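As a plain string of letters, each chain reads:
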Amino acid sequence: MDIAVSELRPPARILMGPGPSNVPPRVLRALASPVIGHLDPAFLAIMEETKALLQQLFQTENELTFPVSGTGSAGMEACLANLLEPGDQAVVCVNGLFGTRMTDIVRRCGGLPIIVEAPWGEIIDPDDVERALADSGAKLVAVVHAETSTGVLQPLTELSRLVRERGALLLVDTVTSLGGFPVQVDTWGIDAVYSGTQKCLSCPPGLAPLSFSQRAVEALELRKTPVQSWYLDLSMVRRYWGQERFYHHTAPISMIYALHEALRLVFEEGLDERFARHKRNHLALVAGLEAMGLSLLPKRDHRLWMLNAVVVPEAVDEARVRRRLLDEFGIEIGGGLGELKGKVWRVGLMGYSSTRNNVLLFLVALERALQEEGYALSPGAGVAAAFGEY
Ligand SMILES: *Cc1c(COP(=O)(O)O)cnc(C)c1O
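How each quantity is defined
- Residues numbered from 1 in each chain as written.
- Predicted model: local features only at pLDDT ≥ 70, side-chain atom pairs only at ≥ 80, totals over all residues.
- Heavy atoms only, no water.
- Axes fitted to C-alpha atoms, helices over the stretch in contact; angles between N-to-C directions.
- Helix = DSSP H or I, 4+ residues; strand = E, 2+ residues; numbered from the N terminus.
- Parallel < 35°, antiparallel > 145°, perpendicular 65-115°, else oblique.
- Left-handed = near helix turned anticlockwise from the far one by under 90°.
- Contact = heavy atoms within 4.5 Å.
- Nonpolar A, V, L, I, M, F, W, Y, C, P; charged D, E, K, R; others polar.
- Near = heavy atom within 4 Å.
- Polar contact = N/O pair within 3.5 Å; in protein donor to acceptor, adjacent residues only side chain to side chain.
- Domains from an automatic or database assignment.
- Buried area = accessible area lost by both parts, 1.4 Å probe.
- Salt bridge = Lys/Arg side-chain N within 4 Å of Asp/Glu carboxyl O.
- Core = buried A, V, L, I, M, F, W, Y, C linked by side-chain atoms within 4.5 Å.
- Buried < 20%, exposed > 50% of the residue type's maximum accessible area, 1.4 Å probe, protein only.

**Q** What exactly am I supposed to notice about the packing of helix H11 (residues 318-329) against helix H12 (residues 356-372) here?
**A** Any two packed helices are characterised by the angle at which their axes cross and by the distance between the axes. In contact at an axis separation of 9 Å, H11 and H12 are set at 125 degrees when each is read in the N-to-C sense. Taken as axis vectors, H11 and H12 run oblique relative to one another. The hand of the H11/H12 crossing is right-handed. Residues Val321, Arg324, Leu325, Glu328 and Phe329 of H11 lie in contact with H12, whose contacting residues are Leu361, Phe362, Ala365, Leu366, Arg368, Ala369 and Glu372. Its residues assigned to classes, the contact of H11 with H12 comprises eight nonpolar, no polar and four charged.

**Q** Is there a simple way to think about the site of the ligand in this case?
**A** The ligand sits among 13 residues. The nearest are Thr71, Ser73, Thr148, Asp173 and Lys199. At 2.6 Å, a side-chain N or O of Asp173 approaches a nitrogen atom of the ligand. Of all the secondary-structure elements, those providing two or more residues to the shell around the ligand are helix H3 (72-83) and helix H4 (97-108). For the shell around the ligand, the residue count by class is four nonpolar, six polar and three charged.

**Q** When you look at the domain arrangement of the protein chain in this model, what are you seeing that I'm missing?
**A** A common way to express how large an interface is: the accessible area buried when the components associate. Parsing the protein chain into structural domains produces domain 1 (25-267) and domain 2 (270-389). Averaged C-alpha coordinates put domain 1 and domain 2 at centres separated by 29 Å. On the side of domain 2, 23 residues touch domain 1, which itself brings 28 residues to the contact. Interface area, domain 1 with domain 2, both sides summed: about 2200 Å², of which 68% is carbon and sulfur. Linking domain 1 with domain 2 are zero salt bridges, by the criterion used here.

**Q** Would you mind showing me how to read the pattern of salt bridges here?
**A** Between side chains of opposite charge, a pair can form as their charged atoms come close. Applying the stated rule across the entire model yields 27 salt bridges. The salt bridge partner of Arg108 is Asp104, with a shortest N-O separation of 2.9 Å. Placement of both Arg108 and Asp104 in helix H4 is noted, with a separation of four residues, approximately one turn of the helix. Residues joined in a network through salt bridges with shared partners are Arg26, Glu261, Arg264 and Glu268.

**Q** What exactly am I supposed to notice about the nonpolar core here?
**A** One recurring pattern in soluble globular proteins: nonpolar side chains tend to sit buried together. Counting 97 residues, the largest nonpolar core has Leu80, Val129, Leu133, Leu140 and Phe212 as its most contacted members. The leading source of residues in this core is helix H9 (residues 253-269), at nine residues. There are two domains that each give this core at least three residues, and those are domain 1 (25-267) and domain 2 (270-389). Ignoring any residue separated from it by four or fewer positions in sequence, one finds Leu133 in contact with Val91, Ala138, Val141, Leu162, Val163, Arg166 and Ala168.

Given below as structure tokens:
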């Protein structure tokens, strides 16, 4: 070799940011399994199992349920591009970065976004959505279930009822909630839903699990114009995931192995226990943070279990604290995005990263980093409060 390039040796990290989360060894082993053909009967069987596990996780009987090739944003783009035609109106709920991203995609699909806003850190008011629907007769309402940029959980029952009453389609982003909080697609009347693999499913990034209700499939079949994205056109991709096994693009074999194993891990643990674990670790983290005099951005009732937006205290250098956590402890957390840049830390407790040990270590590390910043706190109070919560 002319160029001296050494073997890859990524550092060991504790991933407690907004994703990716740490990947369990069994998923890493699945990734290293031999690659076989995307039409090999053995692979088709793995696809069928993956699809059945995803249906169970989304709590749906939707036939059109499979992972799209690409990260969470590919799922977002797939849902919007397949359901919207040029000139269609769509109500988009915006209370953080990912709602903003949906608005951008709606426009790129030739759609007309009707934006319903709430301040970053607050939930969307269903009455505002109802008014927007009544005034417009929009085809679809798009909302983020778990806003990773603000740590806010959007309640969906009231929203789904009124969207249905108005005869619109409900599209929900569950990239951060799926696998950490219940997502009941059929019960909640969700028509299109997408997620990502690297958050509470603890797979590497690379697939976007997605599901369409019968109504959404009909909307797709009744289109007058072809889907503007060839790659994400679900009317073609579904023929590969369905019985025809029609070639569209080569499935990312290794990532589907990884997702298959990650889903097995989800159901070995059990959904209820998995959700309870996410809640338990969140509550212990919050108890610890509060004992250190820190607060969270969202109100108590609107907080995510898997992503905690912590307000950065006055006179503390947000980025320097993150850097210290990474350099001294190997812990990655996230900073604020958009209008929250420099104002919050985003502490993830997603999937395999949501553990008691991570919570306790993080509180110790944060205490040390805050002391270096000259922030006054009573030593050990955070960890003691977290132990108290456990
Ligand atoms: C991470 C995330 C996305 C985007 O997913 P990528 O995998 O980064 O493309 C979309 N929506 C939400 C709520 C997210 O947290």
